[in-house]
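# Coordinates in review
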Amino acid sequence: MSTNLAKRGDWVQVQLNVLSPEERSPYLPEDTKKVPLQMRVKGFLVDEIASLGATVRIKTTTDRIISGILIDINPKYTHNFGEPVPELINAGVELRKLMEEIDRCDGPEGDGK
Amino acid sequence: MTSMRDDSYDAVMARRNEIMKNAVGIDYEKFIIEGIAFDYEKMMKEVGYSIDEVREIQAETCVGNTPLVELKNINRLIKKLAAKGKGARIFLKDEAANPSGSFKDRRAAVSVYRAKKMGYKGVIAATSGNYGAAVASQAAKRGLKCIIVQECYDSHWRGQPEILEKGRACEAYGAEVVQLTVGPELFYYTLLLLEQTGYFNASLYSPYAIAGIETLGYEIAHQMTELTGRYPDAVIVTHAGGGLITGTARGLKKAGGTETKIIGASVDLRGLHMASDEAFNKKYFTTGHTGFGIPFAVFPDRSDVPKNAARPLRYMDRYVLVAQGEVFYVTEMLAQLEGLQRGPAGNTSLTAAIALALEMDEDQTIVVNETEYTGAGKLPSAQLTFAKQMGMVVKRGDPIKEDIPGKVIAIPQHPSQIGVIEFPVSDMKKSYLKELIKRENRDEFNDNEMEFLQEDLNATKEEIEKWISEVRGE
């Protein structure tokens with residue numbers, strides 16, 4: 001994100017409280033009871049111009065108008081493939097070796113049974 | 001525009017029946033027989049579609065007719081590990097070949113078709129699973145608007161990578177994705193959205209959704225007959241909300257496979273509270289686990305429709321649990337030995353299949369009824385990296401003996417360590433009755449209700465009476 005300013009029509013993300021802790025369902029574990037139910041949603045900025053942290057209105061792809069705090073402009077996906085996991089890499093190597101041993105005993109196509 | 005409606009939690013929940021009725025277009029009242037008894041088969045017949053109709057609907061959007069393949073290398077490995085005369089052959093139904101990458105397209109295809117036909121302008125689904133992308137994809141194809149509501153973050157805005165990926169997929173199909181923090185009020189917000197938009201509730205649990213899965217069981221019966229000359233001895237199904245097992249079993253039976261054993265498998269996450277903000281990111285499988293599997297089996301009508309069409313205890317012959325570490329290991333095995341890179345969650349049933357193949361006879365066959373797509377967020381490397389960040393111990397070890405949900409993930413040191421934990425189906429049937437007695441505040445049921453319970457639990461009157469008296473004595 002190169003700027004903290006969004007202008008009308010920009011693709012942005014807002015955040016809002018849906019239920020405060022006291023408005024929440026009575027059937028919650030203690031840790032969840034203490035925090036509000038919050039949401040994030042993306043859409044196009046309706047206001048002329050706004051900076052991060054401001055309360056803005058957006059229009060979602062289903063044309064809903066939602067009011068919330070502007071938290072990101074042109075939000076990118078941040079989930080990824082993770083780091084190499086040695087425990088799994090080793091497992092893969094071992095399994096291939098096991099198959100090579102089976103190939104040596106049975107021939108590459110097995111005994112066909 | 002200001003609304004005069006009271007949108008507080010209590011007020012919306014009080015309107016739930018009316019909202020759901022408008023949003024699914026089904027009058028569930030007409031299937032009620034008396035008290036807790038309702039006519040399930042009548043509901044499935046009148047509201048659902050026949051297999052042929054569903055196949056036509058699904059063919060229009062490229063859903064179904066997925067390949068079924070024998071896992072020949074894994075089967076050779078199993079033969080090496082098995083005792084003499086043991087080692088059943090495993091076949092895999094490659095559901096990742098569906099348009100959005102999972103069997104959920106079958107469910108979504110019929111729901112969205114129905115929504116379009118009934119004149120709804122859009123569809124809404126509450127799901128943190130692959131179903132979101134499936135509904136979004138089908139809605140795109142049929143020109144409907146779509147909102148997917150996910151439970152996605154803990155209160156520190158740490159998102160579950162697998163759910164974030166599913167959100168991305170939904171957005172790729174043009175859906176609006178509402179991402180919520182942890183809590184069962186996901187249902188409250190979904191009701192509010194249904195009321196505000198007038199969209200169709202593409203529930204995972206409607207008769208349409210379940211009819212959509214029947215083609216999966218039907219295809220398995222036909223493909224296995226073609227490949228091996230007979231029906232499979234067992235079909236292993238990853239079990240979460242109960243739809244996959246219900247639909248697969250119904251389709252299989254409709255195609256004549258009445259003797260095939262239906263085995264459910266879930267990842268063991270017992271001890272982790274599903275609505276806990278803290279426990280939320282200590283789970284590295286987001287749906288096919290005990291947190292859904294057990295509660296939905298013992299009380300199917302906890303879902304977002306008045307009468308759930310997914311009723312797993314009618315069909316489940318056996319239920320087994322697997323550990324997270326062995327599912328990641330088997331995912332690696334599927335990629336390395338069979339050249340199939342698929343999402344780990346769908347391999348829950350494959351993991352169980354490997355363990356069960358070792359105890360079954362060598363002339364028997366097992367079908368694993370699904371795979372799912374994989375990628376960023378979903379891969380074992382993504383989930384295990386996240387698990388380590390959340391303080392989990394990831395180690396090599398015996399997956400059954402050393403696994404501790406929320407603390408330790410043990411990746412097997414050898415394929416012979418792949419095993420299952422038996423969870424007696426009769427225990428779930430008894431829990432079903434225990435919860436029913438608690439909800440109803442009575443332990444006497446009339447003849448119609450007893451008949452319904454026999455069907456819903458696939459049990460005899462004597463068994464039910466025995467369990468009820470055991471509950472009374474507790």
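Structure: above.
Residues numbered from 1 in each chain as written. Chains lettered and ligands numbered in written order. Predicted model: local features only at pLDDT ≥ 70, side-chain atom pairs only at ≥ 80, totals over all residues.

## Topic: the overall build of chain A
When helices and strands are tallied, chain A shows two helices and six strands. In terms of overall dimensions, chain A is more spread out than a globule: its C-alpha atoms have a radius of gyration of 26 Å, far above the 13 Å expected for 113 residues. For chain A, the spread of C-alpha atoms along the principal axes amounts to about 70 × 40 × 25 Å. Taking as baseline every contact in chain A between residues at least 6 positions apart, the subset at least 24 positions apart corresponds to 53%. (Helix = DSSP H or I, 4+ residues; strand = E, 2+ residues; numbered from the N terminus. Rg over C-alpha atoms; globule rule 2.2 N^0.38 Å. Contact = placed C-beta atoms within 7 Å.)

## Quick look at the overall build of chain B
Secondary structure assignment for chain B yields 19 helices and 15 strands. For chain B, the C-alpha radius of gyration of 21 Å lies close to 23 Å, the compact-globule estimate for 474 residues. Here chain B holds 474 residues, and 60% of them are scored as buried. Put simply, of all contacts in chain B between residues at least 6 apart along the chain, 77% involve residues at least 24 apart. (Buried ≥ 20, exposed ≤ 12 C-beta atoms within 10 Å, placed from the backbone.)

## Some thoughts on the interface of chain A and chain B
Between chain A and chain B, the contact holds 36 residues from the first and 51 residues from the second. Of all the secondary-structure elements, those providing two or more residues to the side of chain A that touches chain B are strand E2 (11-19), helix H1 (30-33), strand E3 (37-45) and helix H2 (86-106) of chain A. Counted by class, the side of chain A that touches chain B contains 18 nonpolar, eleven polar and seven charged residues. Inspection of the sheet shows E3(A) paired to strand E7 (residues 176-181) of chain B by two bridges, in the antiparallel sense. In the sheet register, A:Arg40 faces E7(B), and the bridge partner there is B:Gln179. (Nonpolar A, V, L, I, M, F, W, Y, C, P; charged D, E, K, R; others polar. Pairing = 2+ DSSP bridges.)

## Here we look at the sheet that holds strand E10 (residues 261-267) of chain B
Residues and elements named next belong to chain B. Ordered in space as E3-E4-E12-E9-E10-E11-E15, the seven strands form an open sheet in which the pairing is mixed. Sheet topology places strand E3 (68-70) and strand E15 (421-422) at the edges, where each strand pairs with a single neighbour. On top of the sheet, helix H10 (residues 207-228) reaches E3, strand E4 (89-93), strand E9 (234-238) and strand E12 (365-368); it is set at about 140° to E12, its chief contact. (Axes fitted to C-alpha atoms, helices over the stretch in contact; angles between N-to-C directions.)

## Here we look at the nonpolar core
Residues and elements named next belong to chain B. Grouped together as the largest cluster of nonpolar side chains are 175 residues, with contacts concentrated most on Val123, Val135, Ile236, Leu356 and Ile366. Looking at this core element by element, the count peaks at ten residues for H10. When neighbours within four sequence positions are excluded, leucine 356 is seen to be in contact with Ala234, Ile236, Ile263, Ile366 and Val420. (Core = buried A, V, L, I, M, F, W, Y, C linked by C-beta atoms within 7 Å.)

## Describing the packing of helix H6 (residues 104-117) of chain B against H10(B)
All names here are of chain B. At a minimum axis distance of 7 Å, the contact between H6 and H10 shows a crossing angle of 135°. By the criterion of interaxial angle, the relationship of H6 to H10 is oblique. For the crossing formed where H6 meets H10, the hand is right-handed. Note on element contacts: H10 touches H6 through Tyr208, Ala209, Ala211, Gly212, Ile213, Thr215 and Leu216, opposite Arg106, Arg107, Ala109, Val110, Ser111 and Arg114. Its residues placed into classes, the contact of H6 with H10 shows seven nonpolar, three polar and three charged. (Parallel < 35°, antiparallel > 145°, perpendicular 65-115°, else oblique. Left-handed = near helix turned anticlockwise from the far one by under 90°.)

## Brief notes about helix H13 (residues 324-338) of chain B
All names here are of chain B. For H13, built from 15 residues, the straight-helix expectation of 21 Å at 1.5 Å per residue is met to within 8% by its first-to-last C-alpha distance of 21 Å. Those residues of H13 not exposed but buried are Gln324, Gly325, Glu326, Val327, Phe328, Tyr329, Val330, Thr331, Glu332, Met333, Leu334 and Leu337. A positive backbone phi angle near 65° is found at glycine 339, which sits one or two residues after H13. (Expected span 1.5 Å × (residues − 1).)

## Some points on the packing of helix H17 (residues 425-440) of chain B against helix H19 (residues 461-473) of chain B
Residues and elements named next belong to chain B. Relative orientation of the contacting elements H17 and H19 amounts to 60°, with a least axis distance of 9 Å. If you check the angle between H17 and H19, you find them oblique. Taken as a pair, H17 and H19 cross one another with a handedness that is right-handed. Taking contact as the criterion, the partners of Lys429, Lys430, Leu433, Lys434 and Ile437 in H17 are, on H19, Ile464, Trp467, Ile468, Glu470 and Val471. A per-class count over the contact of H17 with H19 returns six nonpolar, no polar and four charged.

## Focus: unusual backbone geometry
All names here are of chain B. In this structure, cysteine 62 is a non-glycine residue whose phi angle is positive, near 70°. Structurally, cysteine 62 can be placed in the loop between helix H4 (51-60) and E3. Residue classification places cysteine 62 among the partly exposed positions, given that 14 C-beta atoms sit within 10 Å.

## Some remarks on the environment of B:Lys80
Following the sequence through the fold, B:Lys80 ends up in helix H5 (residues 72-81). The class for B:Lys80 is partly exposed, based on 17 C-beta atoms found within 10 Å.

## Topic: the pairing of E3(A)
Residues and elements named next belong to chain A. Summarising burial for E3: seven of the nine residues are buried, a large majority. With eight bridges joining them, E2 and E3 adopt antiparallel strand pairing. Counted as the bridge partner of asparagine 17 is glutamine 38 from E3. Direction of pairing for E3 relative to strand E5 (residues 55-59): antiparallel, over a ladder of two bridges. Across the sheet, residue leucine 45 finds its bridge partner in E5, namely isoleucine 58.

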